[in-house]
Number of protein chains: 2
Amino acid sequence: MIDLLHTFFHPRSVAVIGTSANPIKLSHGVLRNLITHGYSGSIYPVNPKGGEILGLQVYTSIAEIPDPVDLAVIILAADQTGKALEACGQRGVKAAVLIASGFGEVGAGGREREAQLLEIARRNDMRFIGPNCVGVIDTYSPIDTTFVRTMPGKGAIGFVSHSGAVCGGTMDWASAVGVGFSRVISLGNQVDVNMADALDSLAADPHTEVVVAYVEGLPDGQRFVEAATRLTTAPPSAGTRKPMVVLKAGRTPSGTRAVASHTGALAGADQAFLAACHRAGAIPVENLEQLVDSATALACRQPPQGPKMAILTNAGGPSAVGSDALDRQGLSLADLSSQTQAQLREICPPGTMTGNPVDMLGGPRPEQFTQALEVLVEAPEVDGVMIVYVPQAITPPHDIAVAVGPVAESTQKPVVCNIAGGGGIRAAARALHAHSIPHYLTPARAAFGLGTLWRYHHIRSRHRPEGAPAVAVEQQRARELLEAARSDGRRALDSQAGTELAATYGLSTPFSGLAATAKEAAKLAERAGYPVALKRVAPGVVHKADTGGVVLGLTDTDAVQDAFTHIVRPGERAFVQQMAPMTNGLEVIVGAQRDEQFGPLLMFGLGGAYVEVLKDVAFRLAPLSEADAREMVAQTAAGQLLEGVRGQSPRDVDAVVEALLRVSQLMVELPDVDEIDLNPLIVGQAGEGAWAVDVRVMLGDSTG
Amino acid sequence: MIDLLHTFFHPRSVAVIGTSANPIKLSHGVLRNLITHGYSGSIYPVNPKGGEILGLQVYTSIAEIPDPVDLAVIILAADQTGKALEACGQRGVKAAVLIASGFGEVGAGGREREAQLLEIARRNDMRFIGPNCVGVIDTYSPIDTTFVRTMPGKGAIGFVSHSGAVCGGTMDWASAVGVGFSRVISLGNQVDVNMADALDSLAADPHTEVVVAYVEGLPDGQRFVEAATRLTTAPPSAGTRKPMVVLKAGRTPSGTRAVASHTGALAGADQAFLAACHRAGAIPVENLEQLVDSATALACRQPPQGPKMAILTNAGGPSAVGSDALDRQGLSLADLSSQTQAQLREICPPGTMTGNPVDMLGGPRPEQFTQALEVLVEAPEVDGVMIVYVPQAITPPHDIAVAVGPVAESTQKPVVCNIAGGGGIRAAARALHAHSIPHYLTPARAAFGLGTLWRYHHIRSRHRPEGAPAVAVEQQRARELLEAARSDGRRALDSQAGTELAATYGLSTPFSGLAATAKEAAKLAERAGYPVALKRVAPGVVHKADTGGVVLGLTDTDAVQDAFTHIVRPGERAFVQQMAPMTNGLEVIVGAQRDEQFGPLLMFGLGGAYVEVLKDVAFRLAPLSEADAREMVAQTAAGQLLEGVRGQSPRDVDAVVEALLRVSQLMVELPDVDEIDLNPLIVGQAGEGAWAVDVRVMLGDSTG
């Protein structure tokens, strides 16, 4: 895999345009970092004033630089940045980092300036990162084009962020506790280079083993999903698949607002984002501590092969809290065998509780930690270990870190460590990280680290199925149904058209038709066979049951004509439909909507009145594989009810899966359809099928 | 309110029994802390070796001390502690702190030693704290009987903990960031003084304004609830009500196990504990960071009057994460009025985004923080403010802390602050806490602090209703029904007896009876009126529907006799029951079980097959008030369905509330009943009532 951003991380020379001799200016900081953080290529400061800064000759313009320039860092005000980018283009510079803010995030004028930047770059065959960013770092190259004072050490984590502040904060933390990075990429407004480009670059980078992304807007969600999927599933031409952790701001109503006012970016709905993570094999997290806690775990350790954890501790209370936290992560305490406990009794201090947690009480010696950890990582019943150590006056925490380090390094099982405390434990944290043991300040965060590894175990062992085979569809008929609604100026298909569309895609639908008169209704009912349902068809009525527009279980001609007269108003029509052919069916919902960022989003859950109240629903992005569809069913309560509870016989899950696949195919093949609901889909006993008795189809705003 | 533990915190003299001259021994640490942490009474070291330690004369025995001794701290091995306690008793000491471990937490031998300690104390009219504890602190008295090196400063938080390690860790953190405590009580094994005693003492302490409890076992859950309720609801004779935060380890299966192996204490079920917190008006938290984050918020600030928050920041990304976090706390971003935004534009740096979050971009000056905060706390549309500051090279974080402090102090609205960073922000954190602004390391934790205040707002404004009036019950008949089962050697009442018991307590039950023959069944069906249900009655069959033992909707004699023949085996009987008199009723469950620690626990949720799959259930402790019952209904999806969705007419919620109250009364009045389920309770339209068609009653193991 080729790194299309290679020049940003391995330029032979860098021009710093707009640098200043004033040491408190950010533009001075960029030059200082390039010089002091080890960059070995040529550095060309540019400032119209000329002179010398930090011992380097200052050029008065980019044109004046005698040698080739690979990368330009432009630190000028927003209104001067375009001109400088143009000058770089003319000078043959192919890569630029734009630091200035005052672009898309401040409104229409800024967006116009962004368009100009893009035009300049395209015309000159350049790529640029930013604007409104803090630059990039590669710790192996090494190069640091940011103005952030601390540069992290070498490590396995590639970090890409829309927010400069999140970059700065994360690097601060990392330096303090000794967590290393391979690359840091501050994307800013991603006018040219965007999140997907950055992910591809990190996929190609041999030093990046874990990718961490802080995301605000994703204007092209589908490219993001594709790039993330390439990263996590080992593209054939690149080395290894890499775990990916992603924090997206703007997942809640308040957060969306914060993102909107911050970058003007459109934030997608939470469910669509989570479905995108699932599709991509990325691990979503909710806040900054989860971001760093996950990254540390994945950078240090392999995932466990099972959920059974051991706790090794000198403190009962904190390890009880840690046990609860493990449980909340879907992990649990291993049952230690009598053999394991006997081995522990031999080496641990007297009084040690050799159950799990293994509590060595007040003041165990460092070598007792070493030996007990050896026993635990070798015990077949243990899949991973969490050390919970509360510093005692007698043993410095650093000694414990050094004591457990080599054991942890010699095992594939995950070992994480919580040592509580303030500044006094920083050395211990650094020693732990040096030995590939992630350190956490609290038991709950250590448990979260293990939980991330467990989640990654599931992702890594997931079978990545091909898309499901499509069924042959009479495309012409499908398009006619959509066009009929369009030509009527309606966004919603009527019940009959919706039902026919569903049938076109192979969904089981009861016989139905539209009747303009009571007599026509009776005729349709005869053809359908009794009992039938009769539903009012009127423009603007979507949830028909809410308005008394539905009568079910009509058993003869008189009842049908009577119902027609009562619920259908003059000029309206009635939708007459055979009742679903099974008794006691379970009502579920199968639906889809087209997400602006991620495309078609499929939904499954309990149907009828329950869907809105219980919110028992699962989401996935289209196209669905059969495995996706089965997963959706299995993760809901509706799925459990379909399997049968309390001795009920199972219902036709295969028919539900088939319905999900067909709706997925429909959404992929008919980009005009914005939303579709089969609610309810009535599911019979195994073999009886699943019937879509109410199909609602909404078209997009334009015919595209 | 009298503080029954007053002597522990205000002794005129303290004997330290078993103190050592060796400075690395814990027993030396206790003496050192008493001396150096400001205790002003007399201190008497006791050690058979005599001599002098830290300048004080050492007595060879407690008897030898010439003056009265109010408090003894005993730091001897487990097997010597009892003897020393006895000596103290004979010397007239009325209060003792026992540090040694090796008691109930190590098994049967230890529990025996605990019983001896209790016997000694009772006989000598003494109280003691521990064993297996680290002692007590009162920062106002002041007195520190622990061996923990750092003593926290004066403050509003009273902290009580079963775990010594949690005490030590919390004090470490508190000292570092400048959070003060009023009292710290390490309870250890709570053989004499227990959690409820400690809560009563903190209720009486004038310096304690917030109570924080770390809880492992609660052998007497009901006393805990009573004491916590006294604390949070202002007992008439004491000053003010106090917020209470409680972290209980052992709420999950893994955590329960960790607690069991740690202290041998029985941990209650999570739901019972949460119901106990609800009853007591205490705020439950899940881990140590939530414990300190909640305590800090409650110690510093008053709760908001509404959920609308403003964020004031210099960093877009972190404040977007903070916005999401606010939303997850049930808070949201305030809509800032055009007036507020105009005021902000006047004082903030150019380019400031005056929507919410108010983003002053890179480097605002401290006085701009002051002025912007003034505008926000005075804006009527803002209920509270979260400051999110990412340190910049130009302005030290401490300057920002000092700039916002006085404004925050002058307003009742909550103001919290997140300044990210490592050691460099400790001074800022101390300055913030000095100005009553809680400081948090991440936006999510700051949002959690505000969330705690919001939860406390709800608790404080909650109407505390009296228990609901009981109905008159034919107690004699109820007892006969229970005794009949007992005398048969059964723990489960049969369907008829269960139904009769429910009817005795005023619940609506359909007419029913037991039939030994098909003919008897038909006779009962005639009396009930068709349609009827027929259910097999056999010992050991609890969920009848699971075994094909139920036939519903029988409409005539033949059908009844036929059903009897098919499902009832020789020697068994049939339960014949009128069908619920409403069509299309909603099935809910009303149930109760007797929790070992907290007593009867009521449950409400969706009934039938749904209850086990959807787990849509609410729990409360008995006795229920009407408000409790209405809350239970309102917080479930079942409640929403009862209210009517999609234009359905509402169902009989009053009848459900009545059923809950009657089951609560039954559980209170019949201690023999261990569990009762009305599943389903079929709820008709408003006015139609709610019918218990299947009543399952289980008795306790012994007749008591």
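This structure is a prediction, so every number in the text was calculated from the model and none was measured.

Trainee: Please provide a residue-by-residue account of the nonpolar core, values included.
Mentor: Counting 487 residues, the largest nonpolar core has Leu-660 and Leu-681 of chain A together with Ala-96, Leu-660 and Leu-681 of chain B as the members making the most contacts within it. Apart from the residues lying within four places of it in its own chain, the contact partners of Ala-96 of chain B are Leu-71, Ala-72, Ile-74, Leu-85, Cys-88, Met-126 and Phe-128 of chain B.

Trainee: Break down the sheet that holds strand 22 (residues 532-537) of chain B for me, with residues and values.
Mentor: Residues and elements named next belong to chain B. Read from one edge to the other, the open sheet built from four strands follows the order 21-24-22-23, with strand pairing classed as antiparallel. This sheet does not close on itself; its edge strands, each paired only once, are strand 21 (512-515) and strand 23 (550-554). Strand-to-strand twist in this sheet, taken as the mean axis angle between neighbours without regard to direction, amounts to 20°. In terms of strand pairing, strand 21 meets strand 24 (residues 573-578) through four bridges, oriented antiparallel.

Trainee: Account for the sheet that holds strand 6 (residues 95-98) of chain B, naming residues and giving values.
Mentor: All names here are of chain B. Spatial strand order, 2-1-5-6-7: five strands in an open sheet with parallel pairing. Strand pairing shows two members of the sheet lacking a second neighbour, strand 2 (42-46) and strand 7 (127-129), which therefore form its edges. Shown here is a sheet whose adjacent strand axes are inclined to one another by a mean of 20°, direction ignored. Pairing between strand 5 (residues 71-74) and strand 6: four bridges, direction parallel. Looking at strand 6, one finds that Leu-71 is bridged to Ala-95. The strands touched by helix 3 (residues 78-91) within the sheet are strand 1 (13-17), strand 5, strand 6 and strand 7, with strand 5 carrying the most contacts at an inclination of about 165°.

Trainee: Can you break down the environment of Gly-362 of chain A residue by residue, with the values?
Mentor: Residue and element names in this part refer to chain A. Looking at the element boundaries, Gly-362 is found in the loop between strand 17 (358-359) and helix 13 (366-378). Residue classification places Gly-362 among the partly exposed positions, given that 16 C-beta atoms sit within 10 Å. Distance from Gly-362 to Val-611, taken between C-alpha atoms, is 53 Å for residues 249 residues apart in sequence. In this view, Gly-362 contacts Asn-314 and Gln-392; residues no more than four positions away in its chain are not counted.

Trainee: Lay out the packing of helix 17 (residues 475-487) of chain A against helix 18 (residues 495-504) of chain A with the relevant residues and their values.
Mentor: Residues and elements named next belong to chain A. As a packed pair, helix 17 and helix 18 sit with axes 9 Å apart at the nearest point and diverge in direction by 160°. Considering the angle they form, helix 17 stands roughly antiparallel to helix 18. Both helix 17 and helix 18 take part in a crossing whose hand is left-handed. Across from Arg-477, Ala-478, Leu-481, Ala-484 and Ala-485 in helix 17, the residues of helix 18 making contact are Ala-497, Glu-500, Leu-501 and Thr-504. Grouping the constituent residues of the contact of helix 17 with helix 18 by class yields six nonpolar, one polar and two charged.

Trainee: Please provide a residue-by-residue account of the domain arrangement of chain A, values included.
Mentor: According to the domain assignment, chain A consists of domain 1 (6-297), domain 2 (302-460), domain 3 (492-578) and domain 4 (586-699). Taken over C-alpha atoms, the centre of domain 1 of chain A sits 58 Å from the centre of domain 3 of chain A.

Trainee: Can you explain the confidence of the model for chain A? Please cite residues and give values.
Mentor: Chain-level pLDDT for chain A is 90 on average; 94% of the residues reach the 70-or-more range. The model gives residues 260-268 of chain A a pLDDT under 50, and that stretch makes 38 contacts with residues more than four places away or in other chains.

Trainee: Describe unusual backbone geometry, naming the residues involved and giving the relevant values.
Mentor: Omega for the peptide link from Asn-356 of chain A to Pro-357 of chain A comes to 5°, which places this bond in the cis form. Among the structural elements, Pro-357 of chain A can be located in the loop between helix 12 (338-347) and strand 17. For the bond running from Ser-141 of chain B to Pro-142 of chain B, omega is -20°, close enough to zero to count as cis. When you line up the elements, Pro-142 of chain B lands in the loop between strand 8 (135-138) and strand 9 (143-144).

Trainee: Explain the pairing of strand 19 (residues 415-419) of chain B to me, and be specific about the residues and the numbers.
Mentor: All names here are of chain B. Along strand 19, five of the five residues are buried, which leaves the element largely enclosed by surrounding structure. Of the two faces of strand 19, the one carrying Val-415, Cys-417 and Ile-419 and the one carrying Val-416 and Asn-418 are both buried. Bridge count between strand 18 (residues 384-389) and strand 19: five bridges; the pairing is parallel. If you follow Val-388 over to strand 19, its bridge partner there is Asn-418. Here strand 19 runs beside strand 20 (residues 439-440); their pairing, made up of two bridges, is parallel. From the neighbouring strand, Cys-417 faces strand 20, where its bridge partner is His-439.

Quick notes on the rules
- Note that residues are indexed from 1 along each chain, following the sequence as it is written.
- Chains carry letters from A onward and ligands carry numbers from 1 onward, assigned in written order.
- Local features are withheld for residues below a pLDDT of 70 in this predicted model, meaning they are given only at 70 or higher, and side-chain atom pairs are given and counted only at 80 or more; totals for whole chains, interfaces and linings count all residues.
- Core membership is restricted to buried Ala, Val, Leu, Ile, Met, Phe, Trp, Tyr and Cys residues, and these are joined into a nonpolar core through C-beta atoms within 7 Å.
- Labels follow a simple rule on C-beta atoms placed from the backbone: if 20 or more others lie within 10 Å of a residue's own, it is buried; if 12 or fewer, it is exposed; otherwise it is partly exposed.
- Residues are treated as contacting if the C-beta atoms built from their backbones sit within 7 Å of each other.
- Pairing between two strands requires that DSSP report at least two bridges joining them.
- Secondary structure elements are taken from DSSP: a helix is a run of H or I of four residues or more, a strand is a run of E of two residues or more, and numbering for both begins at the N terminus.
- Between the N-to-C directions of two axes lies an angle of 0 to 180 degrees, each axis being a line fitted to C-alpha atoms and, for a helix, fitted only over the stretch in contact.
- Working definition: roughly parallel below 35 degrees, roughly antiparallel above 145 degrees, roughly perpendicular at 65 to 115 degrees, and oblique for all remaining angles.
- In this scheme the handedness of a crossing depends on how the near helix is turned from the far one: anticlockwise by less than a right angle means left-handed, clockwise means right-handed.
- Basically, the charged four are Asp, Glu, Lys and Arg, the nonpolar ten are Ala, Val, Leu, Ile, Met, Phe, Trp, Tyr, Cys and Pro, and anything else, Gly included, counts as polar.
- Per the annotation, domain bounds derive from an automatic or database assignment of domains.
- Per residue, pLDDT captures the predictor's confidence, and it can take any value from 0 to 100.

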